[in-house]
Amino acid sequence: MTDRSGRPLAELRDIRVAFGGVHAVQDVTVDLYPGEVVGLVGGNGAGKTTLIRTLSGAHPADSGQILIDGEPVTISHPRDAKALGVETIYQNLALADNIDAPGNVFLGRELTTRFGNLDDSAMEDATRKLMGRLNPKFQNFVVPVASLSGGQRQSVAIARAVHFNARILIMDEPTAALGPAETRQVGDLIKQLREEGLGIFLISHDIHDVYDLSDRISVMLQGKLVGTVNKTDVTTDEVLAMIILGKLPGEVTQKDLAELH
Amino acid sequence: MAETKVSAAEREPEAQPAPPEERGKRSLRELFRSAEVDTRLLGMLAALAIIWILFQIITPNHTFLTPRNMWNLSVQTAVVAIMATGMVLIIVTRNIDLSVGAVMAAVGMAMAIVQHDWLPEWIGLDHPLTWVITVAVGLVLGAAIGAFQGTIVAYVGVPSFIVTLGGFLVWRGVAWWMASGQTIAPMDTLFRKLGGGSTGTVGGTWSWILGIAACAGIVMLQFSKRRQRNRYGFRQRPMWAEVTIAVIGCGAVLLLVGFLNRYYLPPALAAQAGKAGQNISLGLAYPVLIAIGVGIVMTFIATRRRFGRSVYAIGGNPEAAELAGIKTRRTIVRTFTLMGLLVGLAAAVQIARLNAAVSSLGTGMELNVIAAAVIGGTSFAGGVGTIVGALLGALIMQSLVSGMVLLGIEAPLQDIVVGIVLVLAVTLDTIFRRRAAR
């Protein structure tokens, strides 16, 4: 059980994002403590990704507040988020396909020699060490990542996120493109990172993907937060009712649950 | 994050090439891969060799592969080659610059006016600094125009095709307007050396010295790469490959220098220089040295600098580049600025060669530059393209033109052939790449 008596690592307060006239996210508040995994679930178009993109700097919030370590911060670019220790693994992985694995891991934060030239050997060495920990089978360090399998590409995206001493990790559908073995591997990694004290937002449209890994689960429906529950207090069916019907576990009837199946 | 220790076994990654007896035809690619040879580059070199040999056979009196023709070819290639290196970076970021020919005219005209009309009044005729000031003006103007167009592309978001199509019209008009369409000539004596010609060369001895220096450079690069890999215990390129590359690389450089050095000053000019009856090597021309220098610097920028890495990342996946924290818009502006700078340099070479500036300078040049980059393997899909490929692309195109001129083929037919070769080159590249992806 995570200790949530202290200060949250990250807080998103009353976040609001609109695209044109569509309210993608309306007054959503979620928080995240050190050493905790918060599953952020909801159907397609529920606003999970939009919400979290305000924290990763990919898209600004129209209103609301983001606090890191209790301090209000302004995140208007991915650079700002990274500077605050927020790393994101996007659903589409956001890799430059024409560049090799070390190049992608260090993209935008390249290691350089004292003359300011790229230090490719140092970057490859660091990537090898990193992969030795994350995915020991990974060996393709000199080919463009376009030629790698889905799981290997995922490894590159994860390596990029964890290399720079992230404190807050955002994983958007991290196992969507993976087979069972690779999914288990990502699961193990998430547990390991949680042990190390990171706070992790785990985003998925499928509760079964995140139920086992999460400490708390926040559910969104049509841009609004349905509620946040401790995993130990709920069943997957009750979360499913939140996702589909927008009803909290106390409000839900046996009839509702029966209709879900 | 704490780094975990990795065993030596895990660090020994790439599969070693199969032992020789297991190597069949199919593993020729494996062989090249273990030697870390760029097969596309090799393909382009092969195409160039075929074109050269073919023209040598079919030209009357076999005049293609003569020192004289090759020397001229090298000078004719230089201007397009200089600009093609910049165009690679533009196209890699999924942009285009259609204005380079027109910008060349405007900048060339400005440089002509500066050295022909202004500087003689201020610092006197034939002042030794005239060429320096003129070139500086050209570089600054070119870079400024590039930066201006790039800013509209990157920060306002107007497609580069439109911005530079506008530039294509505007700068040509500006070039005309600057001198009311008149030709400005002649150019400063020292400045003219930039264009090559019988005085614009480094001579035989210096050509050899530069050739030997280039060889030393090749070997030194190989050593420094080995040393760096050794430091991290990475796989090394097999020694046989290193030696082969060093021998072929140095051999090619020295062979070319030796061959070009056999182009001598015409007897009449030699007599003027007081060396009647002697064979005086012209040596490498300045524009060729400028183009080679630009190629080296641009390769360095493209592969060894963060700017270059950003350029390729933007081309590969613009959104990913932005999310990775790359300042994508600033990078785009810089590619256009660099392009403008190179256009300024190429304009200097061009007006020095012509010994005059006219408002029609560089007409149609943008298409040659783009074609050179594309024949050299730069992809319009973005993210793919090399500087050395573009240099080779420029050389291939100019070789075709030069050979057809020797054959007495008329200009319209030359255009038809170059056009077909352009499409054919990209078609072949597309097919090979699709196969390689399988």
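Small disclaimer: the values here were computed from a predicted structure and weren't measured.

Caption draft 1: Spatial organisation of the overall build of chain A. Each helix and strand counted, chain A has nine helices and 10 strands in total. Relative to the 2.2 N^0.38 estimate, which gives 18 Å for 261 residues, the radius of gyration of chain A is 19 Å and therefore close to what a compact globule would have. In terms of its C-alpha atoms, chain A occupies a principal-axis envelope of roughly 65 × 40 × 40 Å. Expressed as a percentage of its 261 residues, the buried residues of chain A come to 49%. Across chain A, every contact between residues at least 6 apart in sequence was considered, and the portion connecting residues at least 24 apart equals 64%.

Caption draft 2: Quick look at the overall build of chain B. What chain B contains, in helices and strands, is 18 helices and zero strands. Radius of gyration (C-alpha) of chain B: 23 Å, near the 22 Å computed for a compact globule of 438 residues. Oriented by its inertia axes, the alpha-carbon framework of chain B measures out at about 75 × 60 × 45 Å. Within the span of chain B, comprising 438 residues, buried residues form 42% of the whole. Put simply, 78% of the contacts in chain B that link residues at least 6 apart link residues at least 24 apart.

Caption draft 3: Looking closely at the domain arrangement of chain B. Residues and elements named next belong to chain B. One can read the domain layout of chain B as domain 1 (40-201 + 285-437) and domain 2 (202-284). For domain 1 and domain 2, the distance between their C-alpha centres works out to 24 Å. Taken together, the 10 residues of domain 1 in the interface contact 11 residues of domain 2. If you tally residues by element for the side of domain 1 that touches domain 2, the top one is helix 4 (residues 67-92), at five residues. For the side of domain 1 that touches domain 2, the per-class residue count stands at six nonpolar, three polar and one charged.

Caption draft 4: Seen up close, the confidence of the model for chain B. Residues and elements named next belong to chain B. Averaged over chain B, the pLDDT score is 90; the fraction of residues at 70 or greater is 93%. Under a pLDDT of 50 for its full length, residues 1-23 has, in the predicted model, 26 contacts with residues more than four places off or in other chains. This prediction of the complex comes with two scores: 0.91 for pTM and 0.91 for ipTM.

Caption draft 5: Local environment of the interface of chain A and chain B. Listed by partner, the interface residues are 32 residues for chain A and 30 residues for chain B. At the level of elements, helix 2 (78-83), helix 4 (120-134) and helix 5 (150-163) of chain A are the ones that each hand at least two residues to the side of chain A that touches chain B. The dominant element in the side of chain A that touches chain B, judged by the number of residues it contributes, is helix 4 of chain A, at seven residues.

Caption draft 6: Spotlight on the confidence of the model for chain A. Confidence in the prediction of chain A, expressed as mean pLDDT, is 90, and 99% of residues score 70 or more. Confidence, expressed as mean pLDDT per element, reaches its minimum in chain A at helix 9 (residues 254-260) of chain A with 77 and its maximum at helix 3 (residues 101-105) of chain A with 96.

Caption draft 7: Spotlight on the sheet that holds strand 4 (residues 63-68) of chain A. Residues and elements named next belong to chain A. Sheet architecture is open: four strands sit in the order 2-1-4-5, paired in antiparallel fashion. Where the open sheet ends on each side, the last strands, each with one partner, are strand 2 (22-32) and strand 5 (71-73). Direction aside, neighbouring strands of the sheet carry axes that sit 30° apart on average. Examined bridge by bridge, strand 4 and strand 5 share three bridges and lie antiparallel to one another.

Caption draft 8: Inspection of the nonpolar core at higher detail. Ile82, Ala84 and Met87 of chain B are the most contacted members of the largest nonpolar core, which totals 184 residues. Not counting residues within four places of it along the chain, the set of residues in contact with Ile82 of chain B comprises Ile290, Ala291, Val294, Leu342, Leu345, Ala346 and Val349 of chain B.

Caption draft 9: Examining the packing of helix 4 of chain A against helix 5 of chain A more closely. All names here are of chain A. Put simply, helix 4 and helix 5 touch, their axes get as near as 10 Å, and they point 110° apart. Taken together, the axes of helix 4 and helix 5 lie roughly perpendicular to each other. Here helix 4 contributes Thr127, Leu130, Met131 and Leu134 to the contact with helix 5, which in turn contributes Ser155, Ile158, Ala159 and His163.

Caption draft 10: Summary view of the sheet that holds strand 8 (residues 199-204) of chain A. Residues and elements named next belong to chain A. Reading across the sheet, the six strands line up as 6-7-8-3-9-10 and stay open at both edges, with mixed pairing between neighbours. The open sheet has two edge strands, strand 6 (86-89) and strand 10 (224-230), and neither has a second partner. Geometrically, the sheet is characterised by an average inter-axis angle of 15° between neighbouring strands, direction not taken into account. Here strand 7 (residues 168-172) runs beside strand 8; their pairing, made up of five bridges, is parallel. In the strand pairing of strand 8, Leu169 is matched with Ile200. In the packing of helix 5 onto the sheet, contacts are made with strand 6 and strand 7, and the angle to strand 6 comes to roughly 175°. In the packing of helix 6 (residues 180-195) onto the sheet, contacts are made with strand 3 (37-41), strand 7 and strand 8, and the angle to strand 8 comes to roughly 150°.

Caption draft 11: Focus on the packing of helix 5 (residues 100-123) of chain B against helix 16 (residues 365-375) of chain B. Residue and element names in this part refer to chain B. Packing of helix 5 against helix 16 brings their axes to within 6 Å, and their N-to-C directions diverge by 130°. It follows that helix 5 is oblique to helix 16 by the angle criterion. Contacts between helix 5 and helix 16 involve Val100, Gly101 and Met104 from the first element and Met365, Glu366 and Val369 from the second. Of the residues that constitute the contact of helix 5 with helix 16, the class distribution is four nonpolar, one polar and one charged.

Caption draft 12: Broad picture of the domain arrangement of chain A. Residues and elements named next belong to chain A. For chain A, the assigned domains read domain 1 (10-85 + 166-260) and domain 2 (100-164). Computed from C-alpha coordinates alone, the two centres of domain 1 and domain 2 are separated by 27 Å. Of the residues lining the interface, 11 residues belong to domain 1; the matching set on domain 2 comes to nine residues. At four residues, the largest contribution of residues to the side of domain 1 that touches domain 2 is made by helix 6.

Caption draft 13: Quick peek at the pairing of strand 10 of chain A. Residues and elements named next belong to chain A. Summarising the sheet, strand 9 (residues 216-221) and strand 10 pair through six bridges and their orientation is antiparallel. Within the sheet, the bridge partner assigned to Arg216 lies in strand 10 and is Asn230. Joining the antiparallel neighbours strand 9 and strand 10 is a turn of two residues, in which Gln222 adopts a positive phi near 50°.

Caption draft 14: Broad picture of the environment of Leu198 of chain A. Within the secondary structure, Leu198 of chain A sits in the loop between helix 6 and strand 8. C-alpha of Leu198 of chain A to C-alpha of Thr88 of chain A: the two residues are 110 residues apart in sequence and 13 Å apart in space.

Caption draft 15: Inspection of helix 8 (residues 236-245) of chain A at higher detail. Residues and elements named next belong to chain A. Within helix 8, the full set of buried residues consists of Glu238, Val239, Leu240, Ala241, Met242 and Ile243. The inward-facing, buried residues of helix 8 contact strand 3, helix 7 (207-210), strand 9, strand 10 and helix 9. Just past helix 8, the residue Gly246 takes up positive phi, approximately 70°.

Caption draft 16: Highlighting helix 12 (residues 286-304) of chain B. The end-to-end C-alpha distance of helix 12 of chain B, which contains 19 residues, comes to 26 Å, matching closely the 27 Å that a straight helix rising 1.5 Å per residue would cover. Of all the positions in helix 12 of chain B, only Tyr286, Pro287, Val288, Leu289, Ile290, Ala291, Val294, Gly295, Met298 and Ala302 of chain B are classed as buried.

Caption draft 17: A look at unusual backbone geometry. With an omega of -5°, the peptide bond between Ala185 of chain B and Pro186 of chain B qualifies as cis. Within the secondary structure, Pro186 of chain B sits in the loop between helix 7 (160-178) and helix 8 (189-192). We note that Asn165 of chain A has phi near 50°; this positive angle belongs to a residue other than glycine. The topology assignment puts Asn165 of chain A in the loop between helix 5 and strand 7. Classification of Asn165 of chain A as exposed rests on a count of 10 C-beta atoms within 10 Å. Not every positive phi belongs to a glycine, and Asn61 of chain B is a case in point at roughly 60°. Tracing the sequence through the fold places Asn61 of chain B in the loop between helix 3 (39-58) and helix 4.

Cut-offs applied
Residues numbered from 1 in each chain as written. Chains lettered and ligands numbered in written order. Predicted model: local features only at pLDDT ≥ 70, side-chain atom pairs only at ≥ 80, totals over all residues. Helix = DSSP H or I, 4+ residues; strand = E, 2+ residues; numbered from the N terminus. Rg over C-alpha atoms; globule rule 2.2 N^0.38 Å. Buried ≥ 20, exposed ≤ 12 C-beta atoms within 10 Å, placed from the backbone. Contact = placed C-beta atoms within 7 Å. Domains from an automatic or database assignment. Nonpolar A, V, L, I, M, F, W, Y, C, P; charged D, E, K, R; others polar. pLDDT = per-residue confidence, 0-100. Pairing = 2+ DSSP bridges. Axes fitted to C-alpha atoms, helices over the stretch in contact; angles between N-to-C directions. Core = buried A, V, L, I, M, F, W, Y, C linked by C-beta atoms within 7 Å. Parallel < 35°, antiparallel > 145°, perpendicular 65-115°, else oblique. Expected span 1.5 Å × (residues − 1).

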